Structure formats: structure tokens, C-alpha cells
Amino acid sequence: MSINTNTLDIRHTIWSWIARNLTNNVSFKAYFEPLIQLFFPQWRADRFRSSVIDVRRESDDMYSLVIKPNKQWKGFRAGQYIELTVEKEGAWVSRFFSISSSPRYFNDSGLIEISIRIQENGQITPWLPQALKAGGVVNLSQAEGEFCLADSTTISGVTASTPTTKPILMIAGGSGITPFRSMLQQISLNGLAVSKPVSLMYYARSPEHFLFKEALNTYQQQVPNLTVNFIDTNELGFFSDAHLLKYCDDFAIRDIYICGPSPMIMHARKVLQNQNVNQEQIHYEFFGPEPVSLEGSGQASSVLFQQSGKQVTTNKDEPKTLLTLAEDAQLKPLSGCRIGVCHQCICQKKSGVVYNSKTKTYSDTGQEEIQLCVSVPVADVVLAL
Amino acid sequence: MSAASNNARPDSATLELFAQDLDQIRSNTMAKVGQKDANYIRNVIRVQRVSEIGGRVALVLGFISPVWWVVGVLLLAFAKILDNMEIGHNVMHGQYDWMNDPNINGRNFEWDHAADSDSWRRYHNHEHHTYTNIIGKDRDFGYGLLRLSDDTSWRPKNRWQILTYLNLSAMFELGVAYHEVAGERIFMGKRRKTSSLPITRKELRNAFFSKAGRQFFKDYVFFPLLCFPMFLPVLAGNFLANILRNLWTSTVIFCGHFTEEVHTFSIEDCENETQGEWYYRQILGSSNFEGRRWLHILSGHLSCQIEHHLFPDVPAYHYVEMGKQVQAVCKKYDIPYNTGSFGKQYLTVVKRVLKYSFPSKIEAASV
Ligand code: FES
């Protein structure tokens, strides 16, 4: 095996060396990409061009895309996410989404589903369903992420041999239900009786906002030991000690999985910590960017420099450019003119909103290249720096 | 500021209004940028790929008839010109960064050219575009080889600088590659005391050799060997294609910055510069030439050097349209706008090179 990967690696290195020398491109695929796109629009050398089979409405503000991934796509584990890339007005836009269907379902049908909440101010999520209505094309990355049940060995293609053995508590908020739906569908389709209890506490702000309600109810009937609680926050309030005791009083011995909007995750972790739950028992995944409001969303925004692990907060009353903020934090990003001309300070923004003081425009929430020297953070920003 | 004409700089209130008008042109144009531009640049890249591959194949077919060889040279030169001008230069200015396409991206792009693109981004995008025509700051003014204004004193070697110019033109690619290395005195001359270089001198040297070496390997070793029996014709064809590209790019660039009316500036001119003053300097430091669309495309729209200097990161295809609006704004504020036919502009370049081959009258008197 290792010899094999080694020869593959060497071959890859040699090929890319030749490609660089002959074409000035990173690979021959990249060199030919524009020509290939002539025949396969939106084809990308580094992505898996896949077709959208259906767009299904789930609720007022939520829909699912049913996608048939390209043959080279390697499959996934329940709970993982993918990066979805589409072309919008000439620009590639990418967003991360959890896969909401199970590996078992993918095995049987060749399809996956991702469920997307429409962001009011977003430029992508409201636009996608129309753009993809009649058999659109999207690009997928391989599946990524570690938010999977600890002993789930269910990579698609391999049937789960070890059923869930530890008791589990799942806490979902809003669209954070998607990875859990994948896990629960997997359990139910495999027809496995879970040997230890699995309990789901699912929060939404009104009865209409519970997604996959029927499916979840069905799983509950099919899988002994599985309990699903739909908790309407309007009536019953947010996750609290009282809820824990009411819906899952043996939480302390369980593996706990949390997925939802960031404030909810922070809050849930705090409650659990106060209950002396062990850190290692708690698994969580932040789901999607926060809805953005440009004004009045607090006085400060925070900037996370991802690669160096540094974080700073900035006061909105005296805006500072991201370049200054980075330099204040002892980072040394490449820069030149500092007036937005030379493009040397370009950096990839992973998420968050920035204001470009030169073009006087706000960015979108997703991943894109920005000029540090003329960009000011408006909402919490994550930078690849 | 020194200039051939004697327009005085408008006052700051005027320049403020002037800047607002130009900003408006920019944002009106940016509002239109989208799918059409993406399709356009992808199509140009397609044409480039097809001509490059076609050109290399045609060179080999030279054994059937020399006509094929000639076609091959022309196609290859054409592909290189497209790659360097309409694609490379513009992409590396970040004009297509909004596409989020890793292969059409300002930071990653590498061109079919001896100059390492990172080095070029540093001194061209930063130095030349920020300090346009400021003597002592913009090393592109005369490239340290030519005397093109009275700001530098005359030296005997300037007497035959027209030959230096022709030489530089033919080897322009190497001149561009060597430019930063020369400016940093990597191989010759007294080492600079202060350098803003973000990489070490060694890294700069390595980048220089590795990029130039790669280009050399490709055009003068790999492809000639690949077509072994045709080794010499292919080698000669590649060489000629490179020279043709060099002559063309050099000519375009000289027409954009060294025509008769182009102004020069001193460091004081750019201290605490307002946006309006910056725009004003960019306009006075550049010149356009007119022509048909194909001429604009072949010159990477540097035929609209003025617009390029005002808006370096706006997709260049829009410059022709913007040019009309910019010219109207200049007229409104009585600011000179330097344009003319390609032939006329080129003649004034030659005139300028010749004119400063000789000492100025004051200098001549004191000699
Ligand atoms: S430093 Fe030149 S564009 Fe930011």
C-alpha cells in the first residue's frame, strides 16, 4: 500500500513538474480547463462536477438539493460536510453544507441530499433553487469533517459492523439538524437496533420550523431505543438545565453532539460545563455563517486569523483596516501600496462580511479574496492568514 | 513636476470634483462586470491555448513546406502576446479575482515570460502603479537605461541611447525579468542600503534563475528535442516568436509612458496625495493610442494606458468605453488627455528617445 502511494506521489510530482515547465500552469488539467469547459460547462480540474436531480422544498425557508455526485466522488460518513461550488454571474461561489442524507442511501441510490436554509440577506442561498431548478450542475469537493458518531464505521460501501454502543445525546438547533438526520437515517436504513439509547433534542422557533419531522418520527418508530423530542423555543425556551433533566436525565454518561447556530452552541457548552460534563464527551459543529445584519449588530466584531490562531476584536467606531489589525497582531501579511492598487495584500476571507473602503461595497458572507489594506471588518471575519 | 506643456495643476477643490467624476465612472463600470467578462477572458484563454498548440504543431510541419514554419512562428508569437498582454498582465493586476477561479487569479498566475510573476507583481503592480513616473521611485521610467527627461543629468552613453532602446526592445522579456534584480543590485553595483524587498536577496536570485531557466528549457531545449529531426527549425522558430513578442510588447509599453507629452514628477508631488491628485498624476504620466478592437486586444488594452493607470483592477475590456468618459471628464476640468494614432504616438516616442540623447541647453552650456 505504502509503496503504491509512494509511486503515485512520485508520478504526481513528476507530472506537475513537467506541467509547470511546459505550460506555466499547476497541472495539465488546469492548462486545458478552459478548453474542456467548452464541452462541459463548469467543469473544474479540482472539483467533482455533479448534477442536481431535484430541488425539494422542506419549509418556508428551507429546501433540499438532491444531487447525483460524479463517479469519482469518494463518498462520505454520516455527519460530514461538502463544499458546494457554483458559477454565479461569472464568479465561482462556494459554500459549506452538511450532507443531510445517509451513506446507506447513497449506496442504494447514488444520490445525496443537502438541506439549505435561505439566508435573508444572502446572495447565494435564495438564488440557488431557481438557478438549479431544471437539472443544474454543481461542483462538489470530497467530503470533509470529523463530526461523526465516534464508532460509526459507515463509510459508504462498507456496511456498519459496529452498531452504536455508547449512549448518545444529540442537540440540534434549527438547520443544525442536517448532520443528525444523516446519522439517524443511516441507523434506520441499516436496520440496526442501537444497543444503547440515542436521544435527540431538536430546537426550533415554531412548529413550522421543524425539518424532517415525518422522517424523524418514522425513525423513532423503527429504531427501538431512539427518542426524538421536538422543542419549540417560543413556548419552552432555550436549552437549559431544566430541559436536560426533563428530556435526558442521564446526559452525564452520554456522548453529546451539538450542531446549530454559534450562539446556541456556546450556550449549550456552557450549560453542560456547569453540569460538570467532561470536555471530551462534547462534540460540536458550527453550522453555516450567522445571519448578517450590517448595522447595530453590537459594537465590536472579531477577526480570527485562522492559520496563526490569533484573534482580535475591533471597535466599529474607529474602523481599522484588516491589514492594520493583522500587523497590530504581529502578523506580517504581504503588502505594498496600502491604497488598494497593487493587489499584493490579497488574502482569502473564509467567512464574514467586510466593507471595501475603496469600492464602497460590502462583501458577501462566504469565501472570497479580499484586499486587506482597504477592507474593514463589519461582522465577525475569519481570514486565512 | 516637469512637463512639456505648461498646464498648471488645478486647485484641490477642482481635483476633488474631478475624482468624484472618475469614481463614478469606475462604479458604473464595475456594476456591469459579470458573466460577460468571465466568458470573455475564458474565450481569450481558449484562443491562446489553440494558437499555442497550433503554432507548435505548425513549426514541426515546416519540413513539408517553409510556409508552415512561418505560420507556426506567427501563431506562437500571437499566443505569447495574448498570454502576456490581454491575459497575464490583466489577470495579475487582479482584474479577474472576483471570479474566484484559482487559475485566473492575480496571485497565482504565471505567464509565458522570462520574468518571475511574483517579482513583476512587486515592482510593476506596486512600485510603478503607485509611484507612476516619480523620478527616483518609479524604476520603470527609462528602466535605468534611458534618459527620457531632464530630471536626470546627461551622460555620454546617452548619445547612442536609440541603439540601447532598440536592443532593449528586442530583448524586452529579459529586461523585464532582470529589472527588479538590477534595481536591488543583486549581481552588480553597490548594494542598496534600504530595500523594501519582502523576500531575501537569495530568494530573489533563485526565483529569477528558476523562472528564466524554465522558459529557456521549454523553448530552447524541450520542444526542439521533442521534434528532434526538426531541432534547429523549431529552436529558431521559438526564438523568433519570442523576439516578435518582445518587440511588440516593448513598443506598446513605450507608447503608454514615454510619448512626448508624458509628464514626470518628483517625490514631493506624491506626499500626502489626495485621490484627485493621484488620479491627476496617473493621467499626466500615461498616454493612449487609438485603433480597432483587435489592436486593443493585442496590446492587452494598454492602448488605454490612461484608464489602466486610473483603474488598474477594472477588467481591461471596459477601458475603451471608459476612455470616452474619462476624456470627457478631462475636457470638463481642462486636464490634458494624451492620445493619438498608434503611428503618431510611436513617432513621438522615438523623438523623445532621440531628444534626450543630447544634453539640455543649460547642461550643454556648462559642459
Ligand atoms: S497593499 Fe497594495 S492593494 Fe493592498
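- Labelled according to an unreviewed UniProt entry, chain B appears under the name Acyl-CoA desaturase, originating from Alkalimarinus alittae.

- Under an unreviewed UniProt entry, the name given to chain A is FAD-binding oxidoreductase, and the organism recorded is Alkalimarinus alittae.
- UniProt, in its Sequence similarities (unreviewed entry) section for chain A, records the words "In the N-terminal section; belongs to the FAD-binding oxidoreductase type 6 family."

1. A closer look at the overall build of chain B
(1) Moving on: Assigned secondary structure in chain B consists of 14 helices and zero strands.
(2) Moving on: Secondary structure elements in chain B, listed N-terminal to C-terminal, are α-α-α-α-α-α-α-α-α-α-α-α-α-α.
(3) Moving on: For a compact globule of 367 residues, the expected C-alpha radius of gyration is about 21 Å, and chain B comes in at 21 Å, within 12% of that figure.
(4) Moving on: When burial is assessed residue by residue, chain B has 55% of its 367 residues classed as buried.
(5) Moving on: Restricting to contacts in chain B with at least 6 residues of sequence separation, those with at least 24 account for 70%.
(6) Moving on: Put simply, chain B has 41 plus and 37 minus side-chain charges, and the middle of one group is 6 Å from the middle of the other.

2. Details of a nonpolar patch on the surface
(1) Moving on: A surface patch of nonpolar side chains, about 510 Å² in accessible area, is lined by Phe63(B), Ile64(B), Val67(B), Trp68(B) and Val71(B).
(2) Moving on: Relative to the assigned elements, Val71(B) resides in helix α3 (residues 66–92).

3. Quick notes on the UniProt feature "domain: Fatty acid desaturase" (unreviewed entry) in chain B
(1) Moving on: Under the feature "domain: Fatty acid desaturase" (unreviewed entry), the UniProt entry names residues 68–339 of chain B.
(2) Moving on: For residues 68–339 of chain B, helix accounts for 55% and strand for 0%, while the C-alpha atoms at its two ends are 38 Å apart.

4. What to know about the environment of Asp269(B)
Residues and elements named next belong to chain B.
(1) Moving on: Along the chain, the position of Asp-269 falls in the loop between α8 (231–257) and α9 (275–284).
(2) Moving on: Overall, the relative accessible area of 17% leaves Asp-269 in the buried class.
(3) Moving on: The sequence separation of Asp-269 and Tyr-131 amounts to 138 residues, and the corresponding C-alpha distance is 9.8 Å.

5. A look at helix α1 (residues 12–32) of chain B
All names here are of chain B.
(1) Moving on: Taking 1.5 Å per residue, 21 residues should reach 30 Å; α1 reaches 31 Å between its end C-alpha atoms and fits that length.
(2) Moving on: Those residues of α1 that sit buried are Leu-15, Phe-18, Ala-19, Leu-22, Ile-25, Arg-26 and Thr-29. Taken down its axis, α1 places every buried residue within 120 degrees of arc, on the same side. Turned more than 90 degrees off the buried face of α1, the exposed positions are Ala-13 and Ala-31.

6. A short note on the pattern of salt bridges
(1) Moving on: Evaluation of the coordinates by the stated rule reveals 36 salt bridges over all chains.
(2) Moving on: For Arg56(A), the salt bridge goes to Glu113(A), with nearest N and O atoms at 2.9 Å. Here Arg56(A), found in strand β1 (residues 48–59), pairs with Glu113(A), found in strand β5 (residues 112–117); they are 57 residues apart in sequence, far enough to count as distant.
(3) Moving on: A residue is classified by how much of its surface remains accessible, and Glu113(A), at 5% relative accessible area, is buried.
(4) Moving on: Taken together, the shared-partner salt bridges connect Glu52(B), Arg56(B), Lys80(B), Asp112(B), Lys218(B) and Asp219(B) into one network.

Analysis parameters
Residues numbered from 1 in each chain as written. Chains lettered and ligands numbered in written order. Predicted model: local features only at pLDDT ≥ 70, side-chain atom pairs only at ≥ 80, totals over all residues. Heavy atoms only, no water. UniProt positions renumbered as here; feature names shortened; annotations may be inferred. Helix = DSSP H or I, 4+ residues; strand = E, 2+ residues; numbered from the N terminus. Rg over C-alpha atoms; globule rule 2.2 N^0.38 Å. Buried < 20%, exposed > 50% of the residue type's maximum accessible area, 1.4 Å probe, protein only. Contact = heavy atoms within 4.5 Å. Lys, Arg positive; Asp, Glu negative; His and termini not counted. Charge placed at Lys NZ, Arg CZ, Asp CG, Glu CD. Patch = residues over 30% accessible without salt bridge, like charges linked within 9 Å, V, L, I, M, F, W, Y side chains within 5 Å. Areas by Shrake-Rupley, 256 points an atom, 1.4 Å probe, with all protein chains shown as cover. Salt bridge = Lys/Arg side-chain N within 4 Å of Asp/Glu carboxyl O. Expected span 1.5 Å × (residues − 1). Arc of directions from axis to C-beta.

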